[in-house]
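Residue-level structure breakdown
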Amino acid sequence: MDILKTTLLYDFYGELLTDKQKEIYELFYQNDMSLSEIAGELEISRQAVRDQLKRTEKILSDYEEKLGLVERFMANKASAVKIRKLIDRLEEESELSEESLKTAEQIRMAVDEITQ
């Protein structure tokens, strides 16, 4: 699973995980610790860390399969980028009034809020 998707899955569904699942996920992905380092810190086997990490990734994927929040977020973000490009093109190709330019800027700001 790629790191961006894994990160987004955790952002959306991380609060649904157990404390132990969150701890191992964060140590591995956010603190960039190796399986051996995590095993040493938590006093469990390296295999137990690996199994828990794989189980957590599967749980996150299952939540996404059922709920689709990350997929919807990515689609909305792509649409927001498209809207921004259309506004830019409209400003470049048309002579807009001051009022229309202000409205275009307000739309651009709203789009930027969506994509953050």
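Before reading further, recall that the structure is shown in the block above.
Residues numbered from 1 in each chain as written. Predicted model: local features only at pLDDT ≥ 70, side-chain atom pairs only at ≥ 80, totals over all residues. Heavy atoms only, no water.

**Some remarks on helix α2 (residues 19-30)**
Heads up, the rule is: Think of it in three bands: with a 1.4 Å probe and only protein chains considered, a residue is buried below 20% of the maximum accessible area for its type, exposed above 50%, and partly exposed in between. Secondary structure elements follow DSSP: runs of H or I no shorter than four residues count as helices, runs of E no shorter than two count as strands, and numbering proceeds from the N terminus. Residue contacts are counted whenever heavy atoms from the two residues lie within 4.5 Å of one another.
Turning to α2, its buried residues number three or more, namely Gln 21, Lys 22, Ile 24, Tyr 25 and Leu 27. Where the residues of α2 are buried, they touch α1 (3-13), α3 (35-42) and α4 (46-67). Following α2 by one or two positions, Asp 32 has its phi on the positive side, about 55 degrees.

**Notes on the packing of aromatic side chains**
For any pair of aromatic rings, the description consists of the separation of the ring centres together with the inter-plane angle of the planes. Heads up, the rule is: Only Phe, Tyr and Trp rings are paired, with Trp represented by its six-membered ring, and only when their centres lie within 6.5 Å; those with planes under 30 degrees apart are stacked, over 60 edge-to-face, the remainder tilted.
For the structure shown, the criterion picks out 6 aromatic pairs. Centre to centre, the rings of Phe 12 and Tyr 13 are 6.4 Å apart; their planes meet at 50 degrees, and the pair counts as tilted. The class of Phe 12 is partly exposed, set by a relative accessible area of 33%. Classification of Tyr 13 by relative accessible area gives buried; the value is 1%. Considering the side-chain rings of Tyr 25 and Tyr 29, the 4.7 Å spacing of their centres and the 35 degrees angle between planes classify their relative orientation as tilted. Here the residue Tyr 25 and the residue Tyr 29 both occupy positions in helix α2, the gap between them amounting to 4 residues, near one helical turn. One aromatic cluster in this structure is built from Tyr 10, Tyr 25, Phe 28 and Tyr 29.

**Structural notes on the side chain of Gln 21**
Considering the arrangement of structural elements, one finds Gln 21 in helix α2. A relative accessible area of 9% places Gln 21 in the buried class. Discounting chain neighbours no more than four positions away, the residues touching Gln 21 are Gln 52, Thr 56 and Ile 59.

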